[in-house]
Amino acid sequence: MASSEKDTLFVIAAAYDDVDAAVADYEAVKELYHEVKTSHDFDAAVVAKDDEGDVKIVKKHEQPTRHGAAVGLGWGLAVGVTAALFPPIGIGIATAGAGGAAIGAVAGHASGGMSRDDLKDLGETLDAGQAGLIVVYETNLADQVAANIKAANRVISKATDMAADQLADDLRRAEEATPTPQPATTTAAATTTAQGTATTS
């Protein structure tokens, strides 16, 4: 997909030895975004591994201005990248108000906007720590975002073909195609418990 440099979205992944360090950089990057306010395309998420090695989202921020259908779902491109890198996390995201079709749409959009090699590099980077930070941002924030990631033990950045507007269209189509939810089952309840508590701030 052809796009101008201004519209190019980048994804940065950083690995940390502990969740607190990841959250500290997350807060610094989020504060930077609110100070600069030059881009509507900004998403960030902190992920962590539990004792079994499963990945969960512990903190997330989505800037909904241009996301259209993504507004109200509580997650955007950064969580989409996470779902593409760690497929099992899609089960946890499902309890946050999104159906399986929408999860597939956002994960597919994220993976479709990056090469397999880039996805492999991002996944290996996040796998190098006990916690990770994923930030999706426009070119005009690149230097500032990188400068605010200080506590990581490994960082990698990749250009993508993702677009918030296209994500909104993908989600809208997925929602329209999603059947009415069935009553919660024991499996769904177990999934909710396994997810833990992700916070949006």
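Residues numbered from 1 in each chain as written. Predicted model: local features only at pLDDT ≥ 70, side-chain atom pairs only at ≥ 80, totals over all residues. Heavy atoms only, no water.

### Concerning the environment of Gly 123
Tracing the chain through its elements places Gly 123 in helix 5 (residues 116-127). Residue Gly 123 is classed as buried on the basis of its relative accessible area of 16%. Here the alpha-carbon distance between Gly 123 and Ala 15, two residues 108 residues apart in the chain, equals 10.0 Å. (Helix = DSSP H or I, 4+ residues; strand = E, 2+ residues; numbered from the N terminus. Buried < 20%, exposed > 50% of the residue type's maximum accessible area, 1.4 Å probe, protein only.)

### Topic: the confidence of the model for the protein chain
Overall, the prediction assigns the protein chain a mean pLDDT of 74, with 63% of residues at 70 or greater. Here helix 8 (residues 186-195) is the element of the protein chain with the lowest mean pLDDT, 40, and strand 1 (residues 9-16) is the one with the highest, 92. Low pLDDT (under 50) marks residues 65-72, which in the prediction has 20 contacts with non-local residues, meaning those over four places away or in another chain. Within the model, the stretch residues 183-197 combines pLDDT values under 50 with nine contacts to residues more than four positions away or in other chains. (pLDDT = per-residue confidence, 0-100. Contact = heavy atoms within 4.5 Å.)

### Quick word on the pattern of salt bridges
For the structure shown, the criterion picks out six salt bridges. Linking Asp 127 and Lys 49 is a salt bridge whose minimum nitrogen-to-oxygen distance equals 3.3 Å. Taken together, the residues span a long stretch of sequence, with Asp 127 in helix 5 and Lys 49 in strand 2 (residues 42-49) at a distance of 78 residues. When its relative accessible area of 46% is taken as the criterion, Asp 127 is described as partly exposed. (Salt bridge = Lys/Arg side-chain N within 4 Å of Asp/Glu carboxyl O.)

### Concerning the pairing of strand 1
Among the eight residues in strand 1, seven count as buried, and that is most of the element. One ladder, built from eight bridges, connects strand 1 with strand 4 (residues 131-138); its direction is antiparallel. Bridging across to strand 4, Phe 10 finds its partner in Tyr 137. Pairing analysis gives seven bridges linking strand 1 to strand 5 (residues 154-160), with the strands arranged antiparallel. Across the sheet, residue Phe 10 finds its bridge partner in strand 5, namely Ala 159. (Pairing = 2+ DSSP bridges.)

### Comments concerning the side chain of Asp 25
By the element assignment, Asp 25 lies in helix 1 (residues 19-36). This buried residue, Asp 25, is left without a salt bridge; Lys 150 holds the nearest opposite charge, at 7.2 Å. A distance of 2.8 Å separates polar atoms of two side chains, one belonging to Asp 25 and the other to Tyr 16. Each residue touching Asp 25, except ones within four places of it in the same chain, is listed here: Tyr 16, Leu 133, Asn 148, Ile 149, Lys 150, Ala 151 and Ala 152. (Lys, Arg positive; Asp, Glu negative; His and termini not counted. Polar contact = N/O pair within 3.5 Å; in protein donor to acceptor, adjacent residues only side chain to side chain.)

### Remarks on helix 1
Spanning 18 residues, helix 1 covers 26 Å between terminal C-alpha atoms, matching the ideal 26 Å at 1.5 Å per step. Those residues of helix 1 not exposed but buried are Ala 21, Ala 22, Asp 25, Tyr 26, Val 29, Lys 30, Leu 32 and Tyr 33. Down the axis of helix 1, the sector holding all buried residues measures 170°, keeping them to one side. The exposed set on the far side of helix 1, more than 90 degrees from its buried face, consists of Asp 20 and Glu 35. The opening residue of helix 1 is Asp 18, an N-cap whose side-chain oxygen sits 3.1 Å from the backbone nitrogen of Asp 20. (Expected span 1.5 Å × (residues − 1). Arc of directions from axis to C-beta.)

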